[in-house]
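# Architecture and fold: a report
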Amino acid sequence: MAIPFVDLQAQQAQVVDEILPEIESVLRQGNFILGDPVSQFEAEFAEYIGSDYAVGLDSGLSALKLALAALGIGPGDEVIVPVNTFIATAAAVSFLGARPVFVEMDEDTNNIDVTRIEAAINERTKAIMPVHLYGSPVDMDPVMAVANRYNLYVVEDAAQAHGAMYKGKRVGSIGHAGAFSFYPAKNLGAAGDAGALVTNDPDVAERVKGMRNVGQVERYIHSLPPYNHRMDTLHAVVLTAKLKRLDGWNASRDHLAGLYIENLPQSIIAPQRIDYGTQVWHLFVVRAERRDDLRAALQTEGIGTGIHYPVPLHLQPYYADLGYQRGDFPVAEMVADEIVSLPMYAEMAESDVRLVCERLSEFVLTANPT
Ligand SMILES: *Cc1c(COP(=O)(O)O)cnc(C)c1O
């Protein structure tokens, strides 16, 4: 690929030398699971996010699931989820035997339409899960207001938004719990699958710590649901080294996003900057007519793209039995056919952003000759 969609090697290269001695030490000690580097990372990540507690886990999906489990969500309960998210958000609800209730997206922010949350609430509703999609913070004040009015929990899915700010606070620290994924391609990525839950609630933190480790409160006494969602020590070593660089990487993404916004041809709809916080541009998602032709044209130029996500959750085969139909979420359905994620990673060259924009302008011109 002349310009890959994402370049993980460019990021790894910056930390490999620094972490090799620590990796060797873990390999020699054999403290592979929940070793000291895990608690060190938990402390640093909690401080960075501005939450009292962080709990290291094996994935972002586990963080979402254990957050809901710790808040007591289970069979018979309903949880509000945006219809345009990665399936993990809703899967966490389903795995606990509760029902995800989908809410339409907002076309301008790509996030849940906060004005439509209230209409989805009934006596079974227990929680709202706002997703800071693409690294763009949800407008949290209206979400917290409606949650307070109906006595609901708020679990933030911050899996794409490490470091993003809402009115001076890091996302993940605003609701009752926040879930992060450290999947390698996220803004903060491990050397494999990992995740974390953050919270200010000591009970939630305690319960999640017990549940991640087969429900133990003391050794071989299992009083909580006995899951296995522990974080591996090697991931904590990698994450601690990368956390120091996260703000720099996010600043670089922001600069590249600005360049894209300046140079994109007019007929391509660029994402908007929010005025109530800062975005971290996990993905740079535009909307275009003839999206599939556009992707094919970029592909022949060696430019990688993605679609996040092509099928809204209410149309996913796994959720067929929830009873939703095509037409239920017209905004999400329309946007799903138009979105394309352009290359975006901190190490991307400015000249490559300009080149992608030039190729897009050429495509637009050939598609609409004057
Ligand atoms: C990546 C992601 C997750 C799940 O994270 P995993 O670590 O892959 O389990 C959840 N929600 C969103 C929005 C994500 O992008």
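Residues numbered from 1 in each chain as written. Predicted model: local features only at pLDDT ≥ 70, side-chain atom pairs only at ≥ 80, totals over all residues. Heavy atoms only, no water.

### Digging into unusual backbone geometry
Inclusion rule: Only DSSP runs of H or I reaching four residues or more are called helices, and only runs of E reaching two or more are called strands; each is numbered from the N terminus. Relative accessibility decides the category of a residue: with a 1.4 Å probe and only protein chains considered, values under 20% of the type maximum give buried, values over 50% give exposed, and everything between is partly exposed.
The omega torsion across His-308 and Tyr-309 is 10 degrees, close enough to zero to call that bond cis. One non-glycine residue, Asn-110, adopts positive backbone phi at about 65 degrees. Secondary-structure assignment places Asn-110 in the loop between β3 (99–103) and β4 (125–128). Even without being glycine, Val-214 reaches a positive phi, approximately 45 degrees. Residue classification places Val-214 among the partly exposed residues on the basis of a relative accessible area of 25%.

### Let's talk about the domain arrangement of the protein
Our working rule: Each domain's extent is set by a domain assignment, obtained either automatically or from a database. Contact between two residues is taken to exist if any of their heavy atoms lie within 4.5 Å; hydrogens are not considered. What gets called buried area is simply the loss in accessible area from a 1.4 Å probe that two parts show on being joined, summed for both. Definition of a polar contact: a pair of N or O atoms within 3.5 Å, with one able to donate and the other able to accept a hydrogen when the atoms are protein atoms, and with sequence-neighbouring residues admitted only if both atoms are side-chain atoms. Nonpolar residues are Ala, Val, Leu, Ile, Met, Phe, Trp, Tyr, Cys and Pro. Charged residues are Asp, Glu, Lys and Arg, and all others, Gly as well, are polar.
For the protein, the domain assignment lists domain 1 (8–103 + 113–243) and domain 2 (246–367). Just the C-alpha atoms count here: the centres of domain 1 and domain 2 sit 25 Å apart. At the interface, 41 residues of domain 1 touch 29 residues of domain 2. The largest per-residue losses of area from domain 1 upon contact with domain 2 belong to Phe-102, Tyr-134 and Asn-187, which jointly make up 25% of the total buried on that side. Our count for the contact surface shared by domain 1 and domain 2 stands at 24 residue pairs in polar contact (both at pLDDT 80 or more). Breaking the side of domain 1 that touches domain 2 down by element, the ones donating at least two residues are α1 (8–29), β2 (78–82), α4 (87–95), β3, β6 (165–166) and α7 (233–263). Residues of the side of domain 1 that touches domain 2, tallied by class, amount to 25 nonpolar, 10 polar and 6 charged.

### Overview of the nonpolar core
The nonpolar side chains of a soluble globular protein tend to be buried with one another. The criterion, for reference: Joining through side-chain atoms within 4.5 Å is the link that ties buried Ala, Val, Leu, Ile, Met, Phe, Trp, Tyr and Cys residues into a set, and such a set is a nonpolar core.
Counting residues in each nonpolar core, the largest one holds 92 residues, and the members touching the most others are Phe-41, Phe-45, Leu-68, Phe-102, Phe-182, Leu-197 and Val-208. Considering each element in turn, this core owes the most residues, 7 residues, to helix α3 (residues 60–70). Here this core gathers at least three residues from each of two domains, domain 1 (8–103 + 113–243) and domain 2 (246–367). Ranked by size, the runner-up nonpolar core spans 25 residues in total, among them Leu-264, Tyr-345, Met-348 and Val-356.

### Side note on the pattern of salt bridges
Rules: A side-chain nitrogen of Lys or Arg and a carboxyl oxygen of Asp or Glu constitute a salt bridge if their distance falls within 4 Å.
Scanning the model with the defined rule gives 19 salt bridges in all. Salt-bridge contacts for Arg-28 lead to Glu-24; the nearest nitrogen and oxygen are separated by 2.7 Å. Taken together, the positions of Arg-28 and Glu-24, both in helix α1 and 4 residues apart, correspond to about one turn of that helix. Taking relative accessible area as the criterion, Arg-28 reaches 69% and is therefore assigned exposed. On the basis of relative accessibility, which here comes to 38%, the residue Glu-24 falls in the partly exposed class. When salt bridges that share partners are traced, they join Glu-18, Lys-244 and Arg-245 into one network.

### Concerning the site of the ligand
Selection criterion: Being near a molecule or strand, for a residue, means having at least one of its heavy atoms within 4 Å of it. Note on areas: Shrake-Rupley, 1.4 Å probe, and residue coverage restricted to the protein chains presented here. In the cavity and pocket records, a cavity denotes points on a 1 Å grid over the protein atoms alone where a 1.4 Å probe fits but cannot get out, a pocket denotes an open set with protein on both sides within 12 Å along at least 5 of 7 lines, and lining residues are residues with an atom within 4 Å of a point. Pocket or cavity membership: a molecule qualifies when more than half of its atoms sit within 2 Å of the grid points of that site.
Taken together, 15 residues lie around the ligand, and Gly-60, Asp-157, Gln-160, Ser-181 and Lys-186 are the ones closest in. Look at the ligand: alone it shows 380 Å² of surface, and the protein chains cover 91% of it. The site holding the ligand turns out to be the largest pocket. Those elements that place two or more of their residues in the shell around the ligand are α3 and α4.

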